[in-house]
Every structure is written in C-alpha cells, then in structure tokens.
Number of protein chains: 4
Amino acid sequence: VRGASARVRIRVRYGETDKMGVVYHGAYLPYFEVARVELLRAAGLPHRRLEEQGTIFVVAETGVKYLGRARYDDEIEILAWVAGLGQASVRFEYEARLAGQPPLLATGFTVLACVDGRGAIRKLPREVAAELGRPA
Amino acid sequence: VRGASARVRIRVRYGETDKMGVVYHGAYLPYFEVARVELLRAAGLPHRRLEEQGTIFVVAETGVKYLGRARYDDEIEILAWVAGLGQASVRFEYEARLAGQPPLLATGFTVLACVDGRGAIRKLPREVAAELGRPA
Amino acid sequence: VRGASARVRIRVRYGETDKMGVVYHGAYLPYFEVARVELLRAAGLPHRRLEEQGTIFVVAETGVKYLGRARYDDEIEILAWVAGLGQASVRFEYEARLAGQPPLLATGFTVLACVDGRGAIRKLPREVAAELGRPA
Amino acid sequence: VRGASARVRIRVRYGETDKMGVVYHGAYLPYFEVARVELLRAAGLPHRRLEEQGTIFVVAETGVKYLGRARYDDEIEILAWVAGLGQASVRFEYEARLAGQPPLLATGFTVLACVDGRGAIRKLPREVAAELGRPA
C-alpha cells in the first residue's frame, strides 16, 4: 500500500539538540508526528473531526533508524505516507532528510491503533480507511 | 512567609542537554515542577487528593535566573519552598545547585493560581493554605 | 527601546500538551526561542555568523506570565522584539496569541548575556547592537 | 545473550503527559535512556570513562511497543539489559511496568553503534564488551 502522503519542513529548535551538537534521537518522534498530523489534515481527517466521530488513534508501536545527523537551525524535510491499513490499525512510514538534500537522516514507522472512547479496539471506519488508502 | 519546603535530587538526562553541552535553559521548569510536586506530597497534598476536593492549580507566572551551568549526568539538588500565600494563589521559590556544592546554578519562582473545574478563580481552601504555610 | 522584531507562527504539537489538554507551561520557552532566532536571522545575525565572530549568547534570565490557554493543533503567533540593550546583554520581550485573535495567551521576556568562547562576559559588538536596536 | 542489566524507577513528570492524560509515547525514549545510563554506570562504564578512552556510542536504531498506559505521578520501573553484542554495536532491550505491577506498559530496544571522535565506526573495545556481556 502507498496511500495518502504529506511532506513537511521543520526547523531544528535549540532545545532539540543534545551535547553532541546534533538533533537528540528522541526528537524524531515528535517530528514524525508533525508530518502524520499534516497527512491526516490533508486527507480531510483533522483530529477534531476524527474525535467528533469517536475515532481515536493511539500509538501502538514505533521505530526509527538513524542514518545521518542534523544540527541546530537545519531545516528537515519529512515525508510521511500510509504504508498499510489493518482492520483496526494504520501503519505510517517516514523519511527524514535535510531540506533539498537526497541523503537520508532517518527512516521510521508508527502503527496507530483505532480505539473507542473507553480504549477498546474498534474497526477503522470505512470512510477513514478510504481516505487514508487513496494516494494523494 | 517561609512555609512548607522540599528537597529533591535530579540527574540530568542526555536529552536535556543542548549543543553547548549544558542543561537546556528550558529544562529548569520541569525540574522545579518535580520539586514542587514533592513539596505538595510531603505536605499531605498529593495532586490526586487536591483534584478530588476540586482544587486545581494552574501556573500563572514563572521566572528563572541562570547563574551556573550543569552538565550531562550531573546530579542537581533543588530546594523548593512556599514563599507566599494569596487569597487564591501560592508562590513557590526554588534554588538549584549541583548536589553537595554551595554555588547556585539557578533560582526561580512559580505562582500557582487556584481554579475550579471550569477554570474560574477560587479561594485557596483553608486547610490547603494551612498545610502550605506550615514550615516543614 | 523597541528595536528589531519578528513574528512567527507555531502549531502546537501533540507532545507539547499536558493532561489538562492545554499547552504545557514549559513549552512557551522553546516557542519564544523560535521567535528570537527568527528575529536574529531577520536582523542579519544568524547564529552561525554570530558564532564565527565569537559572539555567544547565553540565557541569563527568563520569565513568563500565562493569561490564556492554547490547545493541541492550535496555531500560536509569537511577536518578539528587542526591548533593551545593555553593555553585554540584550532583553527580548514576547507576546503570544492564538493566530489572528487579539487576546494574549502569554507574555514573556528573556535576557541574553554576551560571552566569549571561555564563558567570560564580553561587550556586545557595536554592529550587533546596531542591528538589534534598529526597528524592523 | 543476556548480559549486564539494571533497574530504575522514574516518576512521571507533569510535562511528560499528553492531552489523553497518559504518558506521551515519545517520553519512553528518554526513560529507556535513563535505564541504559544506569546499566553502563553499574557495569563500571560511566560515560565520562567511555569518553576519555575515545569510545562514543551513538543511537543507530530504536523501537517501542506500547502495551499499557501510565499516568501523571505514576512510578514506572524500567528493566534494561544487554541483549546482543556486535563487532561495533550493542543491543539493549527494555521492559517498562508500573512499579510493583506485573503487566507491561511498554517494551523496547536500542542499538548503539560505537564510533570514534570523527564519527567513524570503530570496534567495540574488548574490555567494554566484556563488562557488557557479563550478567549482573
């Protein structure tokens, strides 16, 4: 599957660097999340609409591979796409690069599980699956 | 006023350092908060008990002066105390040092406002004020 | 003094909210920093140029007053300006609002001290002071 | 391999919660890191000693599975152990639980790569490998 996708640019904040002068490895999770949120918004599924219809996504699994280093004030480009749709889950994948430069800084993925207001697993609504599965 | 007080030790985490190799200036707010939470717990006012009786504290103002530098894996000692009690607010003050060393790393303060569940200012409950005003 | 200024928009990230559903009070320090960095860049003083000429700014003091609440995915507009120039320091002030809405979310300030590579206080270079003191 | 191990307790800080009232998924990476640092210290390999002998560890890969939810002020127990030793890398694995309770909150792993001061991969020093491979 290669469904909906989005591309965002994020400038590295000072507090996101660590004592090696590079982006702290933990900062990629919020970066990926920014891209995922934009993907959902672009697919017509902003979190407010999802919440109103009772679709809550929780992070079930995540992973990151680190391939390069970004520094303070660098601009990072994140590409996010829907890489898989389960009965009650969505898999997103990511690539991070310095803006305009081909080498990868990091790759990663997140699996979101769909739950209801009490935290029980629920099926991904058909229209949500349709929007996420449609290549942008 | 010099009311309830508490002392905590916090080891600097890697992600809390910045590219100068020292603790990011923004990290002192969570550090002070850890000390404030321990103060409340030691005064018999853990947040769960406060919430149950409808006392919600929100941060109204904060400030920090930076006087020294801490590094990765350093152990920081924070002293927190109640420095003032208003009708609907509490002022906490803080001193941060490297554990066992007299020079100050930072000083700071936080003013918490007391609100009810809808966010309206409410008077500090008498027993909460009594606990906070009592020197430990 | 009302010197150089800049205006930035920042979208609230999920991890910057707290269990009250609003922006964690500590998140305003990185937000203000993003605005300050853009101010310096717009004034022709990107951090790389400052570092090359040996001008290092360290945070000496900061403060925030909280007046409203922002939520996840809200867009916050930060106005930053140079409010004072000392012999070896610069005072920045900030106002944060929901984008396009007049009420203030927060106001704040940061005093940066100018130091050399060994951490000793040094005079603010004349051309840096000139750029910062000039209204944009 | 089940080599050196360590167990740490971490109290959830307010700013580490998100608007769902639970620990932000990105907070587990710094939690795991705290456990890993204690493991290295307990194995006689504090970062200062490693740095002095020119052994620098950088994060090459990480992953987390989320199985439960922790809340503000909960105490989390992290167990970390060395799960594999490569020529130039170390694999750590983690289990997170509410202190004293068997159900898992999260599991995870980190692969650290060993590099020299210029960032080139270097072999894991024999004595470092010996310390890490020895069950505690």
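Residues numbered from 1 in each chain as written. Chains lettered and ligands numbered in written order. Predicted model: local features only at pLDDT ≥ 70, side-chain atom pairs only at ≥ 80, totals over all residues. Heavy atoms only, no water.

All names here are of chain A. Counting through the fold element by element, Gly54 comes out in the loop between helix H2 (47-52) and strand E2 (56-66). Considering only alpha carbons, one finds Gly54 and Gly119, 65 residues apart in sequence, at a separation of 11 Å. Setting aside residues up to four positions removed in sequence, Gly54 forms contacts with Val115, Asp116 and Arg122. (Helix = DSSP H or I, 4+ residues; strand = E, 2+ residues; numbered from the N terminus. Contact = heavy atoms within 4.5 Å.)

Further remarks concern the sheet that holds strand E2 (residues 56-66) of chain C. Within the open sheet, the 10 strands sit side by side as E1(B)-E3(B)-E4(B)-E5(B)-E2(B)-E2(C)-E5(C)-E4(C)-E3(C)-E1(C). Their pairing is antiparallel. Pairing within the sheet leaves two strands with one partner each, and these edge strands are strand E1 (5-11) of chain B together with strand E1 (5-11) of chain C. Averaged over all neighbouring strand pairs, the angle between strand axes comes to 25 degrees, with direction disregarded. Looking at chain direction, strand E3 (residues 75-85) of chain C and strand E4 (residues 89-98) of chain C are connected through nine bridges and run antiparallel. Residue pairing across strands places C:Leu79 opposite C:Glu95, the latter belonging to E4(C). Where helix H1 (residues 28-42) of chain B meets the sheet, it contacts E1, strand E2 (56-66), strand E3 (75-85), strand E4 (89-98) and strand E5 (104-115) of chain B together with E2 of chain C, and its direction lies at approximately 65 degrees from that of E3(B). Packed on one face of the sheet, helix H3 (residues 126-133) of chain C meets E2, E3 and E4 of chain C and runs near 130 degrees to E3(C). (Pairing = 2+ DSSP bridges. Axes fitted to C-alpha atoms, helices over the stretch in contact; angles between N-to-C directions.)

Interfaces are often described in size by the accessible area the parts lose on coming together. Contacts between the two partners involve 22 residues from chain D and, on the opposite side, 22 residues from chain A. Both faces combined, the contact of chain D with chain A buries some 1700 Å², and carbon together with sulfur accounts for 57% of it. Of all residues in chain D, D:His25, D:Leu29 and D:Tyr66 give up the largest surface area on contact with chain A, accounting jointly for 26% of the area buried on that side. In this assembly, chain D and chain A are joined by two salt bridges. In this structure, A:Glu51 engages D:Lys19 in a salt bridge whose closest nitrogen and oxygen atoms are separated by 2.7 Å. Our count for the chain D to chain A interface comes out at eight residue pairs in polar contact (both at pLDDT 80 or more). Counting residues per element, the ones that place at least two in the side of chain D that touches chain A are helix H1 (28-42), helix H2 (47-52) and strand E2 (56-66) of chain D. If you tally residues by element for the side of chain D that touches chain A, the top one is E2(D), at 10 residues. (Buried area = accessible area lost by both parts, 1.4 Å probe. Salt bridge = Lys/Arg side-chain N within 4 Å of Asp/Glu carboxyl O. Polar contact = N/O pair within 3.5 Å; in protein donor to acceptor, adjacent residues only side chain to side chain.)

Further remarks concern the environment of C:Arg11. By the secondary structure assignment, C:Arg11 is in strand E1. Taking the C-alpha atoms as reference points, C:Arg11 and C:Arg97, 86 residues apart in sequence, are found 12 Å from one another. For C:Arg11, the residues in contact, after removing those within four places along its chain, are A:Glu38, A:Arg41, C:Glu16, C:Asp73, C:Asp74 and C:Glu75. At 2.8 Å, the side chain of C:Arg11 forms a polar contact with the backbone oxygen of C:Asp73.

Rotating chain D by 180 degrees and translating it 0.0 Å along the rotation axis places it on chain A, where the RMSD comes to 0.0 Å. Such values leave the two copies arranged in the relation of a two-fold axis. Relative to the rotation axis, the closest C-alpha in chain D is found at D:Gly63, a distance of 2.0 Å. Counting the interface residues of chain D, we find that 100% of their copies in chain A are interface residues as well, pointing to one common contact surface. (Least-squares fit on C-alpha atoms with pLDDT ≥ 70 in both.)

What follows concerns the packing of aromatic side chains. A complete count under the given rule lists 24 aromatic pairs over all chains for this structure. Arranged with centres 6.4 Å apart and planes meeting at 35 degrees, the rings of C:Tyr24 and D:Tyr14 form a pair that is tilted. With C:Tyr24 in the loop between E1 and helix H1 (28-42) and D:Tyr14 in the loop between strand E1 (5-11) and H1, this pair bridges two chains. Grouping residues by exposure puts C:Tyr24 and D:Tyr14 together as buried. Connected via pairs of aromatic rings, a cluster forms that spans A:Tyr28, A:Tyr31, A:Phe32, A:Tyr66 and A:Tyr94. Here the basic side chain of C:Arg2 rests over the ring of C:Trp81, its NZ or CZ set 4.2 Å away from the ring centre. (Phe/Tyr/Trp six-rings, centres within 6.5 Å; stacked < 30°, edge-to-face > 60°. Buried < 20%, exposed > 50% of the residue type's maximum accessible area, 1.4 Å probe, protein only. Lys NZ or Arg CZ within 6 Å of the ring centre and 35° of its normal.)

All right, on to the interface of chain B and chain D then. Contacts between the two partners involve 18 residues from chain B, matched on the other side by 18 residues from chain D. Our count for the contact surface shared by chain B and chain D stands at eight salt bridges. As a salt-bridge pair, B:Glu16 and D:Arg13 come within 3.0 Å of each other at their nearest N and O atoms. Taken together, the connections running from chain B to chain D amount to eight residue pairs in polar contact (both at pLDDT 80 or more). Only E1, H1 and helix H2 (47-52) of chain B provide two or more residues apiece to the side of chain B that touches chain D. Take the side of chain B that touches chain D: its biggest share by element is seven residues, from H1(B).

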